[in-house]
Amino acid sequence: MNGLCESSEPAEQECVVMKFGGTSVQDASSIRGVCQLVKKALPRRPVVVVSALARVTDQLLNVGLASAEGRLDLVAEILHLLRQRHEAVARDLVAGDEYGCLYEELAAEFKALEAAANGIATEKALRPVSQDRLLGAGESLSSRLVEASLRSVGVDAALVDARTCVITDAAHTRATPLWDDTNGRLQAVLVPLLESGRVPVMGGFVGATRDGIPTTLGRGGSDFSASIVGAGLHAERIEIWTDVDGVMTADPTLCPDARRVPRMSFDEAAELAYFGAKVLHPATLVPAMRCNVPVWVLNSRNPDCAGTEIVAHCENDGRINSGWNNDGQVKAVTAKRGVAIVDIEPVRWFAPELLREVFDVFERHQHSLELLSASRGSLALLVSSVTALPAIAEELKGMANVRWENHKALVCLVGEQIRRHPEVAGQAFRAIGDIDVRMICQGASERNISFLVDESRAVEAVQRLHRSFFPVPAPEPLVETISSHAMCQAEGAWG
Ligand code: ADP
Ligand code: ASP
Ligand code: MG
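This structure is a prediction, so every number in the text was calculated from the model and none was measured. (Residues numbered from 1 in each chain as written. Chains lettered and ligands numbered in written order. Predicted model: local features only at pLDDT ≥ 70, side-chain atom pairs only at ≥ 80, totals over all residues. Heavy atoms only, no water.)

### Notes on the site of ligand 1
In the vicinity of ligand 1 lie 18 residues, with Thr 242, Asp 243, Met 248, Asp 251 and Lys 278 positioned nearest. Interatomic distance of 3.2 Å between a side-chain N/O atom of Lys 19 and an oxygen atom of ligand 1. For ligand 1, whose unbound accessible area comes to 570 Å², protein coverage reaches 87%. When grouped by side-chain class, the residues that make up the shell around ligand 1 number eight nonpolar, six polar and four charged. (Near = heavy atom within 4 Å. Polar contact = N/O pair within 3.5 Å; in protein donor to acceptor, adjacent residues only side chain to side chain. Areas by Shrake-Rupley, 256 points an atom, 1.4 Å probe, with all protein chains shown as cover. Nonpolar A, V, L, I, M, F, W, Y, C, P; charged D, E, K, R; others polar.)

Structure (C-alpha coordinates):
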(Lines give C-alpha, C1' and ligand atoms only; values in the text may rest on other atoms or scores of the structure.)
(Ligands and ions follow the chains in the order given, each with its own letter.)
Protein backbone atom coordinates (compact mmCIF):
# COMPACT_ATOMS: atom_id res chain seq x y z
CA MET A 1 0.00 0.00 0.00
CA ASN A 2 3.10 2.21 0.07
CA GLY A 3 2.83 5.33 -1.99
CA LEU A 4 -0.93 5.30 -2.20
CA CYS A 5 -1.22 8.89 -1.09
CA GLU A 6 2.30 10.12 -0.44
CA SER A 7 3.81 10.33 -3.86
CA SER A 8 1.51 12.70 -5.62
CA GLU A 9 0.97 16.38 -5.09
CA PRO A 10 -2.65 17.46 -4.87
CA ALA A 11 -4.15 18.57 -8.19
CA GLU A 12 -3.99 22.36 -8.41
CA GLN A 13 -7.72 22.72 -8.67
CA GLU A 14 -10.20 20.30 -7.23
CA CYS A 15 -12.09 17.81 -9.29
CA VAL A 16 -14.82 15.27 -8.80
CA VAL A 17 -14.74 11.68 -10.04
CA MET A 18 -18.07 10.45 -11.42
CA LYS A 19 -18.32 6.71 -11.99
CA PHE A 20 -21.28 5.31 -13.89
CA GLY A 21 -22.10 1.61 -13.56
CA GLY A 22 -23.43 -0.74 -16.24
CA THR A 23 -27.10 0.06 -15.74
CA SER A 24 -26.33 3.81 -15.87
CA VAL A 25 -24.93 3.34 -19.41
CA GLN A 26 -27.10 0.43 -20.54
CA ASP A 27 -28.64 2.18 -23.56
CA ALA A 28 -28.71 5.49 -25.43
CA SER A 29 -31.28 7.09 -23.17
CA SER A 30 -29.28 6.21 -20.00
CA ILE A 31 -26.12 7.60 -21.63
CA ARG A 32 -27.98 10.83 -22.43
CA GLY A 33 -28.90 11.00 -18.73
CA VAL A 34 -25.23 10.55 -17.81
CA CYS A 35 -24.31 13.42 -20.14
CA GLN A 36 -26.78 15.71 -18.39
CA LEU A 37 -25.33 14.83 -14.98
CA VAL A 38 -21.79 15.45 -16.24
CA LYS A 39 -22.82 18.75 -17.84
CA LYS A 40 -24.29 19.97 -14.56
CA ALA A 41 -21.09 19.01 -12.78
CA LEU A 42 -18.80 20.95 -15.18
CA PRO A 43 -18.02 23.71 -12.64
CA ARG A 44 -16.66 20.99 -10.31
CA ARG A 45 -14.34 19.63 -13.01
CA PRO A 46 -15.54 16.04 -13.49
CA VAL A 47 -13.44 13.04 -14.41
CA VAL A 48 -15.76 10.37 -15.83
CA VAL A 49 -15.19 6.65 -15.23
CA VAL A 50 -17.56 4.20 -16.93
CA SER A 51 -18.37 0.51 -16.74
CA ALA A 52 -19.23 -1.61 -19.74
CA LEU A 53 -22.86 -1.48 -20.88
CA ALA A 54 -25.02 -3.65 -18.60
CA ARG A 55 -24.38 -7.42 -19.03
CA VAL A 56 -21.61 -6.93 -21.61
CA THR A 57 -18.82 -8.24 -19.35
CA ASP A 58 -20.78 -11.46 -18.74
CA GLN A 59 -21.28 -11.85 -22.49
CA LEU A 60 -17.56 -11.31 -23.14
CA LEU A 61 -16.80 -13.97 -20.57
CA ASN A 62 -19.13 -16.29 -22.47
CA VAL A 63 -17.18 -15.46 -25.64
CA GLY A 64 -14.00 -16.53 -23.85
CA LEU A 65 -15.46 -19.77 -22.49
CA ALA A 66 -17.06 -20.70 -25.83
CA SER A 67 -13.81 -19.91 -27.69
CA ALA A 68 -11.85 -22.17 -25.35
CA GLU A 69 -14.35 -24.97 -26.02
CA GLY A 70 -14.13 -24.42 -29.77
CA ARG A 71 -17.81 -23.41 -30.07
CA LEU A 72 -17.08 -20.89 -32.78
CA ASP A 73 -20.70 -20.49 -33.98
CA LEU A 74 -21.69 -19.35 -30.53
CA VAL A 75 -18.70 -16.97 -30.37
CA ALA A 76 -19.69 -15.41 -33.70
CA GLU A 77 -23.30 -15.08 -32.59
CA ILE A 78 -22.49 -13.33 -29.29
CA LEU A 79 -20.01 -10.98 -30.96
CA HIS A 80 -22.55 -10.17 -33.66
CA LEU A 81 -25.21 -9.29 -31.06
CA LEU A 82 -22.73 -7.20 -29.07
CA ARG A 83 -21.71 -5.33 -32.18
CA GLN A 84 -25.32 -4.68 -33.19
CA ARG A 85 -26.13 -3.37 -29.72
CA HIS A 86 -23.15 -0.98 -29.56
CA GLU A 87 -23.74 0.28 -33.10
CA ALA A 88 -27.44 0.88 -32.40
CA VAL A 89 -26.57 2.89 -29.27
CA ALA A 90 -23.96 4.86 -31.25
CA ARG A 91 -26.50 5.65 -34.03
CA ASP A 92 -28.99 6.83 -31.46
CA LEU A 93 -26.45 9.09 -29.74
CA VAL A 94 -24.54 10.79 -32.55
CA ALA A 95 -25.15 11.59 -36.18
CA GLY A 96 -23.32 12.44 -39.41
CA ASP A 97 -19.53 12.49 -39.48
CA GLU A 98 -19.36 11.90 -35.75
CA TYR A 99 -21.22 8.63 -36.22
CA GLY A 100 -18.83 7.70 -39.03
CA CYS A 101 -15.78 8.16 -36.76
CA LEU A 102 -17.40 6.35 -33.86
CA TYR A 103 -18.44 3.50 -36.17
CA GLU A 104 -14.81 3.10 -37.29
CA GLU A 105 -13.59 3.07 -33.68
CA LEU A 106 -16.16 0.44 -32.68
CA ALA A 107 -15.21 -1.63 -35.75
CA ALA A 108 -11.55 -1.58 -34.67
CA GLU A 109 -12.51 -2.68 -31.14
CA PHE A 110 -14.54 -5.60 -32.53
CA LYS A 111 -11.70 -6.61 -34.85
CA ALA A 112 -9.41 -6.80 -31.81
CA LEU A 113 -12.05 -8.76 -29.93
CA GLU A 114 -12.32 -11.30 -32.77
CA ALA A 115 -8.55 -11.67 -32.79
CA ALA A 116 -8.54 -12.23 -29.00
CA ALA A 117 -11.30 -14.86 -29.32
CA ASN A 118 -9.37 -16.62 -32.12
CA GLY A 119 -6.26 -16.67 -29.95
CA ILE A 120 -8.20 -18.35 -27.13
CA ALA A 121 -9.69 -20.88 -29.58
CA THR A 122 -6.19 -21.75 -30.82
CA GLU A 123 -4.94 -22.23 -27.26
CA LYS A 124 -8.10 -24.20 -26.35
CA ALA A 125 -7.97 -22.55 -22.92
CA LEU A 126 -9.07 -19.31 -21.36
CA ARG A 127 -5.92 -18.17 -19.57
CA PRO A 128 -6.33 -15.29 -17.07
CA VAL A 129 -4.17 -13.06 -19.26
CA SER A 130 -6.41 -13.69 -22.28
CA GLN A 131 -9.52 -13.23 -20.17
CA ASP A 132 -8.33 -9.75 -19.14
CA ARG A 133 -7.65 -8.76 -22.75
CA LEU A 134 -11.14 -9.90 -23.71
CA LEU A 135 -13.18 -8.54 -20.81
CA GLY A 136 -11.55 -5.11 -20.82
CA ALA A 137 -13.03 -4.51 -24.27
CA GLY A 138 -16.43 -3.82 -22.66
CA GLU A 139 -15.10 -0.68 -20.99
CA SER A 140 -13.16 0.39 -24.11
CA LEU A 141 -16.42 0.28 -26.07
CA SER A 142 -18.57 2.05 -23.48
CA SER A 143 -16.03 4.82 -22.85
CA ARG A 144 -15.97 5.58 -26.59
CA LEU A 145 -19.78 5.83 -26.66
CA VAL A 146 -19.88 8.11 -23.61
CA GLU A 147 -17.09 10.35 -24.90
CA ALA A 148 -18.79 10.76 -28.28
CA SER A 149 -22.12 11.41 -26.63
CA LEU A 150 -20.63 14.09 -24.34
CA ARG A 151 -19.01 15.80 -27.31
CA SER A 152 -22.34 15.77 -29.16
CA VAL A 153 -23.92 17.79 -26.33
CA GLY A 154 -21.09 20.32 -26.34
CA VAL A 155 -18.87 18.93 -23.58
CA ASP A 156 -15.16 18.96 -24.45
CA ALA A 157 -14.60 15.32 -23.51
CA ALA A 158 -11.24 13.57 -23.93
CA LEU A 159 -10.98 9.79 -24.14
CA VAL A 160 -8.26 8.39 -21.86
CA ASP A 161 -7.13 4.78 -22.15
CA ALA A 162 -7.19 3.54 -18.54
CA ARG A 163 -4.39 1.12 -19.42
CA THR A 164 -2.04 4.07 -19.70
CA CYS A 165 -2.88 5.34 -16.20
CA VAL A 166 -3.83 2.44 -13.95
CA ILE A 167 -0.62 0.44 -13.64
CA THR A 168 -1.00 -2.86 -11.82
CA ASP A 169 0.80 -6.02 -10.84
CA ALA A 170 0.38 -9.05 -13.09
CA ALA A 171 -2.25 -10.82 -10.96
CA HIS A 172 -4.56 -11.23 -13.92
CA THR A 173 -8.34 -11.06 -13.27
CA ARG A 174 -7.73 -9.52 -9.81
CA ALA A 175 -4.86 -7.11 -10.24
CA THR A 176 -3.74 -4.56 -7.64
CA PRO A 177 -2.48 -1.10 -8.61
CA LEU A 178 1.16 -0.16 -8.22
CA TRP A 179 0.39 3.06 -6.42
CA ASP A 180 3.45 5.16 -7.21
CA ASP A 181 3.30 4.37 -10.93
CA THR A 182 -0.45 4.83 -11.05
CA ASN A 183 -0.54 8.11 -9.15
CA GLY A 184 2.29 9.47 -11.29
CA ARG A 185 0.50 8.55 -14.51
CA LEU A 186 -2.87 9.83 -13.32
CA GLN A 187 -1.31 13.18 -12.48
CA ALA A 188 0.65 13.33 -15.72
CA VAL A 189 -2.27 12.41 -17.98
CA LEU A 190 -5.38 13.77 -16.28
CA VAL A 191 -4.23 17.02 -14.63
CA PRO A 192 -3.24 18.73 -17.92
CA LEU A 193 -6.62 17.76 -19.40
CA LEU A 194 -8.46 19.18 -16.41
CA GLU A 195 -6.36 22.32 -16.49
CA SER A 196 -7.25 22.92 -20.10
CA GLY A 197 -10.94 22.63 -19.20
CA ARG A 198 -11.50 19.20 -20.72
CA VAL A 199 -13.47 16.29 -19.25
CA PRO A 200 -11.45 13.05 -19.18
CA VAL A 201 -13.51 9.91 -19.88
CA MET A 202 -11.99 6.53 -19.10
CA GLY A 203 -13.10 2.94 -18.73
CA GLY A 204 -13.18 1.49 -15.23
CA PHE A 205 -12.19 -2.09 -14.33
CA VAL A 206 -9.09 -2.17 -16.57
CA GLY A 207 -5.43 -1.45 -16.09
CA ALA A 208 -2.15 -2.72 -17.48
CA THR A 209 1.16 -3.99 -16.16
CA ARG A 210 4.30 -1.83 -16.48
CA ASP A 211 4.91 -3.72 -19.74
CA GLY A 212 1.50 -2.69 -21.06
CA ILE A 213 -0.19 -6.10 -20.76
CA PRO A 214 -3.91 -5.48 -20.05
CA THR A 215 -5.19 -6.49 -16.61
CA THR A 216 -8.51 -6.20 -14.77
CA LEU A 217 -9.26 -5.34 -11.16
CA GLY A 218 -11.82 -8.10 -10.50
CA ARG A 219 -15.51 -8.22 -11.31
CA GLY A 220 -17.34 -5.04 -10.36
CA GLY A 221 -13.95 -3.30 -10.32
CA SER A 222 -15.02 0.01 -11.89
CA ASP A 223 -15.90 1.29 -8.41
CA PHE A 224 -12.31 0.55 -7.40
CA SER A 225 -11.06 2.38 -10.51
CA ALA A 226 -13.06 5.46 -9.52
CA SER A 227 -11.54 5.41 -6.07
CA ILE A 228 -8.02 4.90 -7.47
CA VAL A 229 -8.50 7.94 -9.72
CA GLY A 230 -10.12 10.00 -6.95
CA ALA A 231 -7.29 9.27 -4.53
CA GLY A 232 -4.60 9.79 -7.17
CA LEU A 233 -5.97 13.24 -8.02
CA HIS A 234 -6.93 14.15 -4.44
CA ALA A 235 -10.44 14.73 -5.73
CA GLU A 236 -12.98 16.68 -3.76
CA ARG A 237 -15.22 13.61 -3.84
CA ILE A 238 -15.83 10.32 -5.61
CA GLU A 239 -19.35 9.70 -6.86
CA ILE A 240 -20.53 6.15 -7.58
CA TRP A 241 -23.65 6.49 -9.74
CA THR A 242 -25.70 3.30 -9.77
CA ASP A 243 -29.29 2.02 -9.99
CA VAL A 244 -30.34 2.35 -6.32
CA ASP A 245 -30.79 5.38 -4.05
CA GLY A 246 -27.53 4.76 -2.19
CA VAL A 247 -26.24 2.15 0.19
CA MET A 248 -29.42 0.60 1.54
CA THR A 249 -30.15 -1.23 4.79
CA ALA A 250 -30.12 -4.46 2.71
CA ASP A 251 -30.04 -5.46 -0.94
CA PRO A 252 -33.39 -4.07 -2.13
CA THR A 253 -33.84 -7.01 -4.47
CA LEU A 254 -34.02 -9.23 -1.35
CA CYS A 255 -35.70 -6.75 0.99
CA PRO A 256 -37.99 -4.40 -0.93
CA ASP A 257 -38.48 -2.38 2.30
CA ALA A 258 -34.77 -1.57 2.49
CA ARG A 259 -34.10 2.09 3.26
CA ARG A 260 -31.33 4.39 2.23
CA VAL A 261 -28.49 4.85 4.72
CA PRO A 262 -27.80 8.60 4.57
CA ARG A 263 -24.30 8.47 5.98
CA MET A 264 -21.79 5.84 6.96
CA SER A 265 -18.11 5.52 7.76
CA PHE A 266 -15.44 4.21 5.39
CA ASP A 267 -15.01 1.24 7.71
CA GLU A 268 -18.70 0.40 7.75
CA ALA A 269 -18.97 0.65 3.98
CA ALA A 270 -15.80 -1.40 3.48
CA GLU A 271 -17.12 -4.08 5.81
CA LEU A 272 -20.45 -4.15 4.00
CA ALA A 273 -18.77 -4.42 0.60
CA TYR A 274 -16.38 -7.12 1.83
CA PHE A 275 -19.26 -9.14 3.21
CA GLY A 276 -21.19 -9.25 -0.03
CA ALA A 277 -23.07 -5.97 -0.69
CA LYS A 278 -22.62 -5.74 -4.45
CA VAL A 279 -23.27 -2.00 -4.51
CA LEU A 280 -19.52 -1.41 -3.97
CA HIS A 281 -16.51 -3.46 -5.05
CA PRO A 282 -14.79 -4.68 -1.84
CA ALA A 283 -11.59 -2.70 -2.50
CA THR A 284 -13.36 0.57 -3.34
CA LEU A 285 -12.91 2.24 0.00
CA VAL A 286 -9.18 1.50 0.35
CA PRO A 287 -7.77 4.38 -1.75
CA ALA A 288 -10.52 6.81 -0.72
CA MET A 289 -9.92 6.04 2.94
CA ARG A 290 -6.15 6.43 2.71
CA CYS A 291 -6.45 9.82 1.05
CA ASN A 292 -9.60 10.81 2.94
CA VAL A 293 -11.71 11.53 -0.12
CA PRO A 294 -15.46 11.24 0.62
CA VAL A 295 -17.40 8.74 -1.46
CA TRP A 296 -21.03 9.27 -2.45
CA VAL A 297 -23.31 6.53 -3.74
CA LEU A 298 -26.00 8.08 -5.93
CA ASN A 299 -28.83 6.94 -8.18
CA SER A 300 -28.51 7.91 -11.84
CA ARG A 301 -32.22 7.08 -12.28
CA ASN A 302 -33.20 9.32 -9.37
CA PRO A 303 -30.52 12.01 -9.24
CA ASP A 304 -32.53 14.25 -6.89
CA CYS A 305 -32.10 11.74 -4.10
CA ALA A 306 -29.37 12.69 -1.60
CA GLY A 307 -27.70 9.24 -1.78
CA THR A 308 -25.24 7.92 0.79
CA GLU A 309 -22.25 9.87 1.98
CA ILE A 310 -19.30 7.75 3.08
CA VAL A 311 -16.77 9.59 5.24
CA ALA A 312 -13.95 8.94 7.66
CA HIS A 313 -15.95 9.19 10.87
CA CYS A 314 -19.59 8.59 11.34
CA GLU A 315 -20.62 7.18 14.66
CA ASN A 316 -24.32 7.66 15.09
CA ASP A 317 -25.04 10.78 13.12
CA GLY A 318 -25.93 8.64 10.14
CA ARG A 319 -28.47 6.54 11.98
CA ILE A 320 -31.80 6.29 10.32
CA ASN A 321 -33.96 5.54 13.28
CA SER A 322 -34.10 5.63 17.04
CA GLY A 323 -35.84 3.91 19.89
CA TRP A 324 -35.63 0.58 18.07
CA ASN A 325 -32.78 -1.13 16.26
CA ASN A 326 -30.73 -0.49 19.39
CA ASP A 327 -30.62 3.20 18.72
CA GLY A 328 -29.49 2.79 15.15
CA GLN A 329 -26.42 0.67 15.85
CA VAL A 330 -27.11 -1.59 12.89
CA LYS A 331 -26.69 0.17 9.56
CA ALA A 332 -27.26 -2.74 7.20
CA VAL A 333 -27.66 -6.48 6.77
CA THR A 334 -25.77 -8.38 4.10
CA ALA A 335 -24.75 -11.89 3.10
CA LYS A 336 -21.67 -13.35 1.52
CA ARG A 337 -22.51 -16.55 -0.32
CA GLY A 338 -20.31 -19.35 -1.59
CA VAL A 339 -18.43 -19.71 1.68
CA ALA A 340 -17.00 -23.02 2.93
CA ILE A 341 -16.14 -23.96 6.49
CA VAL A 342 -12.93 -25.90 6.96
CA ASP A 343 -12.35 -27.90 10.16
CA ILE A 344 -8.71 -28.60 10.99
CA GLU A 345 -8.27 -31.15 13.71
CA PRO A 346 -4.75 -31.86 14.99
CA VAL A 347 -3.72 -35.49 14.80
CA ARG A 348 -2.09 -35.29 18.24
CA TRP A 349 -2.55 -32.01 20.07
CA PHE A 350 -3.02 -28.39 19.18
CA ALA A 351 0.41 -26.76 19.01
CA PRO A 352 1.28 -23.21 17.93
CA GLU A 353 3.39 -24.71 15.11
CA LEU A 354 0.21 -26.09 13.59
CA LEU A 355 -1.26 -22.60 13.35
CA ARG A 356 1.93 -21.36 11.64
CA GLU A 357 1.93 -24.31 9.26
CA VAL A 358 -1.73 -23.78 8.39
CA PHE A 359 -1.12 -20.11 7.53
CA ASP A 360 1.96 -21.04 5.48
CA VAL A 361 0.12 -23.71 3.52
CA PHE A 362 -2.78 -21.40 2.73
CA GLU A 363 -0.35 -18.68 1.67
CA ARG A 364 1.61 -21.07 -0.57
CA HIS A 365 -1.65 -21.94 -2.31
CA GLN A 366 -2.59 -18.24 -2.50
CA HIS A 367 -5.78 -19.13 -0.72
CA SER A 368 -7.23 -16.28 1.31
CA LEU A 369 -9.02 -16.83 4.60
CA GLU A 370 -12.25 -15.05 5.41
CA LEU A 371 -12.41 -15.80 9.12
CA LEU A 372 -10.79 -18.01 11.67
CA SER A 373 -11.93 -19.39 14.97
CA ALA A 374 -9.57 -21.38 17.17
CA SER A 375 -10.27 -23.46 20.25
CA ARG A 376 -8.07 -25.73 22.30
CA GLY A 377 -8.95 -28.76 20.23
CA SER A 378 -9.35 -27.52 16.69
CA LEU A 379 -9.39 -24.75 14.20
CA ALA A 380 -12.28 -23.61 12.02
CA LEU A 381 -11.62 -21.49 8.95
CA LEU A 382 -13.95 -19.88 6.50
CA VAL A 383 -12.86 -19.68 2.87
CA SER A 384 -14.60 -18.54 -0.28
CA SER A 385 -13.19 -21.15 -2.62
CA VAL A 386 -12.58 -24.86 -2.17
CA THR A 387 -10.42 -25.49 -5.22
CA ALA A 388 -7.09 -25.67 -3.38
CA LEU A 389 -8.42 -27.54 -0.34
CA PRO A 390 -7.58 -31.10 -1.49
CA ALA A 391 -3.94 -30.08 -2.01
CA ILE A 392 -3.89 -28.22 1.30
CA ALA A 393 -5.32 -31.26 3.11
CA GLU A 394 -2.63 -33.41 1.52
CA GLU A 395 0.14 -31.07 2.72
CA LEU A 396 -1.20 -31.05 6.29
CA LYS A 397 -1.50 -34.85 6.34
CA GLY A 398 0.20 -36.29 9.40
CA MET A 399 -0.26 -33.04 11.34
CA ALA A 400 -3.99 -32.54 11.06
CA ASN A 401 -7.15 -33.91 9.52
CA VAL A 402 -8.87 -31.46 7.24
CA ARG A 403 -12.58 -31.66 6.45
CA TRP A 404 -14.77 -29.08 4.76
CA GLU A 405 -18.37 -28.30 3.94
CA ASN A 406 -19.32 -25.82 1.26
CA HIS A 407 -22.54 -24.06 0.22
CA LYS A 408 -22.53 -21.89 3.32
CA ALA A 409 -23.24 -18.17 3.64
CA LEU A 410 -22.06 -15.59 6.10
CA VAL A 411 -24.95 -13.33 7.09
CA CYS A 412 -23.70 -10.08 8.63
CA LEU A 413 -25.00 -7.15 10.61
CA VAL A 414 -22.82 -4.09 10.06
CA GLY A 415 -22.58 -0.88 12.09
CA GLU A 416 -20.01 1.14 14.03
CA GLN A 417 -19.42 -0.24 17.52
CA ILE A 418 -21.90 -3.06 17.12
CA ARG A 419 -19.61 -5.19 19.26
CA ARG A 420 -20.15 -2.93 22.23
CA HIS A 421 -23.87 -3.60 22.16
CA PRO A 422 -24.49 -7.21 23.19
CA GLU A 423 -28.24 -6.62 22.88
CA VAL A 424 -27.74 -6.59 19.07
CA ALA A 425 -26.63 -10.23 19.11
CA GLY A 426 -29.58 -11.08 21.39
CA GLN A 427 -32.05 -9.51 18.99
CA ALA A 428 -30.41 -11.25 16.04
CA PHE A 429 -30.74 -14.60 17.77
CA ARG A 430 -34.39 -14.03 18.40
CA ALA A 431 -34.80 -13.32 14.68
CA ILE A 432 -32.92 -16.29 13.26
CA GLY A 433 -32.43 -18.60 16.24
CA ASP A 434 -34.40 -21.41 14.61
CA ILE A 435 -32.20 -21.35 11.50
CA ASP A 436 -29.27 -23.69 12.02
CA VAL A 437 -26.41 -21.27 12.79
CA ARG A 438 -23.13 -23.13 12.39
CA MET A 439 -20.77 -20.43 13.64
CA ILE A 440 -21.03 -16.92 15.10
CA CYS A 441 -18.27 -14.39 14.69
CA GLN A 442 -18.36 -11.44 16.98
CA GLY A 443 -15.41 -9.52 18.23
CA ALA A 444 -12.97 -9.87 15.35
CA SER A 445 -14.28 -6.53 14.17
CA GLU A 446 -15.93 -3.68 16.06
CA ARG A 447 -18.48 -3.29 13.35
CA ASN A 448 -19.73 -6.68 12.42
CA ILE A 449 -21.53 -9.69 13.80
CA SER A 450 -21.78 -12.59 11.39
CA PHE A 451 -23.63 -15.86 11.38
CA LEU A 452 -22.70 -18.84 9.24
CA VAL A 453 -25.80 -20.53 7.81
CA ASP A 454 -26.58 -22.91 4.96
CA GLU A 455 -26.58 -21.02 1.70
CA SER A 456 -30.14 -22.20 1.09
CA ARG A 457 -31.31 -20.25 4.19
CA ALA A 458 -29.27 -17.08 3.56
CA VAL A 459 -32.00 -15.03 1.90
CA GLU A 460 -34.49 -15.94 4.60
CA ALA A 461 -31.94 -15.03 7.31
CA VAL A 462 -31.26 -11.63 5.70
CA GLN A 463 -34.97 -10.93 5.36
CA ARG A 464 -35.74 -11.92 8.94
CA LEU A 465 -32.86 -9.87 10.36
CA HIS A 466 -33.88 -6.91 8.23
CA ARG A 467 -37.48 -7.15 9.41
CA SER A 468 -36.29 -7.27 13.00
CA PHE A 469 -33.83 -4.36 12.83
CA PHE A 470 -35.69 -2.23 10.27
CA PRO A 471 -39.37 -2.94 10.86
CA VAL A 472 -42.11 -1.52 8.70
CA PRO A 473 -43.60 1.02 9.11
CA ALA A 474 -40.44 2.92 9.91
CA PRO A 475 -40.52 5.28 12.87
CA GLU A 476 -39.99 8.97 12.16
CA PRO A 477 -36.41 9.48 11.02
CA LEU A 478 -34.52 11.09 13.86
CA VAL A 479 -31.39 12.20 12.18
CA GLU A 480 -31.37 12.52 8.43
CA THR A 481 -27.91 13.98 8.48
CA ILE A 482 -28.07 17.70 8.30
CA SER A 483 -24.73 17.73 6.55
CA SER A 484 -25.86 15.54 3.67
CA HIS A 485 -28.90 17.74 3.00
CA ALA A 486 -26.95 20.92 3.41
CA MET A 487 -24.24 19.77 1.01
CA CYS A 488 -26.81 18.58 -1.47
CA GLN A 489 -28.65 21.88 -1.47
CA ALA A 490 -25.49 23.93 -1.50
CA GLU A 491 -24.04 22.14 -4.48
CA GLY A 492 -27.33 21.34 -6.18
CA ALA A 493 -25.28 19.57 -8.80
CA TRP A 494 -27.25 16.42 -9.12
CA GLY A 495 -30.70 17.80 -8.31
P1 ADP B 1 -23.42 -0.93 -11.06
O2 ADP B 1 -23.71 -1.62 -12.35
O3 ADP B 1 -23.91 0.49 -11.02
O4 ADP B 1 -22.00 -1.08 -10.62
P5 ADP B 1 -24.18 -3.06 -9.28
O6 ADP B 1 -25.21 -3.99 -9.84
O7 ADP B 1 -22.79 -3.53 -9.27
O8 ADP B 1 -24.34 -1.65 -9.99
O9 ADP B 1 -24.58 -2.67 -7.77
C10 ADP B 1 -25.86 -2.15 -7.50
C11 ADP B 1 -26.72 -3.27 -6.95
O12 ADP B 1 -26.20 -3.69 -5.69
C13 ADP B 1 -28.14 -2.85 -6.60
O14 ADP B 1 -28.98 -2.92 -7.73
C15 ADP B 1 -28.53 -3.84 -5.52
O16 ADP B 1 -29.30 -4.91 -6.01
C17 ADP B 1 -27.20 -4.41 -5.04
N18 ADP B 1 -27.02 -4.28 -3.58
C19 ADP B 1 -26.63 -5.28 -2.75
N20 ADP B 1 -26.58 -4.86 -1.49
C21 ADP B 1 -26.94 -3.56 -1.48
C22 ADP B 1 -27.07 -2.57 -0.47
N23 ADP B 1 -26.83 -2.83 0.83
N24 ADP B 1 -27.44 -1.33 -0.84
C25 ADP B 1 -27.68 -1.04 -2.13
N26 ADP B 1 -27.60 -1.94 -3.13
C27 ADP B 1 -27.23 -3.19 -2.83
N1 ASP C 1 -17.82 -4.34 -16.27
C2 ASP C 1 -17.14 -4.94 -15.14
C3 ASP C 1 -17.98 -6.05 -14.54
O4 ASP C 1 -19.12 -6.24 -14.95
C5 ASP C 1 -16.73 -3.96 -14.11
C6 ASP C 1 -17.86 -3.16 -13.46
O7 ASP C 1 -18.95 -3.11 -14.01
O8 ASP C 1 -17.62 -2.58 -12.40
O9 ASP C 1 -17.50 -6.74 -13.69
MG1 MG D 1 -20.93 -2.59 -9.59
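Picking up after the structure, the text goes on.
### A word on the nonpolar core
Counting residues in each nonpolar core, the largest one holds 110 residues, and the members touching the most others are Phe 20, Leu 145, Leu 190, Val 229, Leu 233 and Ile 310. If one sorts the elements of this core by residue count, helix 4 (residues 96-123) sits on top with eight residues. Counting 27 residues, the second largest nonpolar core, distinct from the first, contains Ala 335, Ala 458, Val 462 and Phe 469. (Core = buried A, V, L, I, M, F, W, Y, C linked by side-chain atoms within 4.5 Å. Buried < 20%, exposed > 50% of the residue type's maximum accessible area, 1.4 Å probe, protein only. Helix = DSSP H or I, 4+ residues; strand = E, 2+ residues; numbered from the N terminus.)

### Some details on the sheet that holds strand 3 (residues 157-160)
Pairing in this open sheet of eight strands is mixed, and the strands run 3-4-2-1-7-9-10-8 from one edge to the other. Among the strands making up the open sheet, the edge pair consists of strand 3 and strand 8 (263-265). Looking at each pair of strands side by side, their axes are set apart by 20 degrees on average, direction ignored. The sheet contacts of helix 9 (residues 266-274) involve strand 8, strand 9 (295-299) and strand 10 (308-311), and relative to strand 8 the element is tilted by about 85 degrees. (Pairing = 2+ DSSP bridges. Axes fitted to C-alpha atoms, helices over the stretch in contact; angles between N-to-C directions. Contact = heavy atoms within 4.5 Å.)

### A closer look at the pattern of salt bridges
Applying the stated rule across the entire model yields 31 salt bridges. Among the ionic pairs, Arg 364 bridges to Glu 395, the shortest N-O distance being 2.7 Å. Of this pair, Arg 364 sits in helix 12 (residues 352-364) while Glu 395 sits in helix 13 (residues 389-396); the two residues are 31 residues apart in sequence, bridging distant segments of the chain. A residue is classified by how much of its surface remains accessible, and Glu 395, at 36% relative accessible area, is partly exposed. Across the pair Glu 416 and Arg 447 runs a salt bridge whose closest N-O atoms are separated by 3.3 Å. Taken as a pair, Glu 416 in the loop between strand 14 (400-414) and helix 14 (422-432) and Arg 447 in the loop between strand 15 (439-442) and strand 16 (448-454) lie far apart in primary sequence, 31 residues in all. Given a relative accessible area of 12%, Glu 416 falls into the buried group. Since its relative accessible area comes to 18%, Arg 447 is described here as buried. (Salt bridge = Lys/Arg side-chain N within 4 Å of Asp/Glu carboxyl O.)

### A few points about the site of ligand 2
With respect to spatial proximity, the complete set of residues near ligand 2 consists of Ser 51, Ala 52, Thr 57, Glu 139, Phe 205, Arg 219, Gly 220, Gly 221 and Ser 222. At a separation of 2.7 Å, a nitrogen atom of ligand 2 approaches a polar side-chain atom of Thr 57. Protein burial of ligand 2: of its 260 Å² of free accessible surface, 86% is covered by the chains.

Keep in mind that these numbers describe shape and distance, not what the molecule does.
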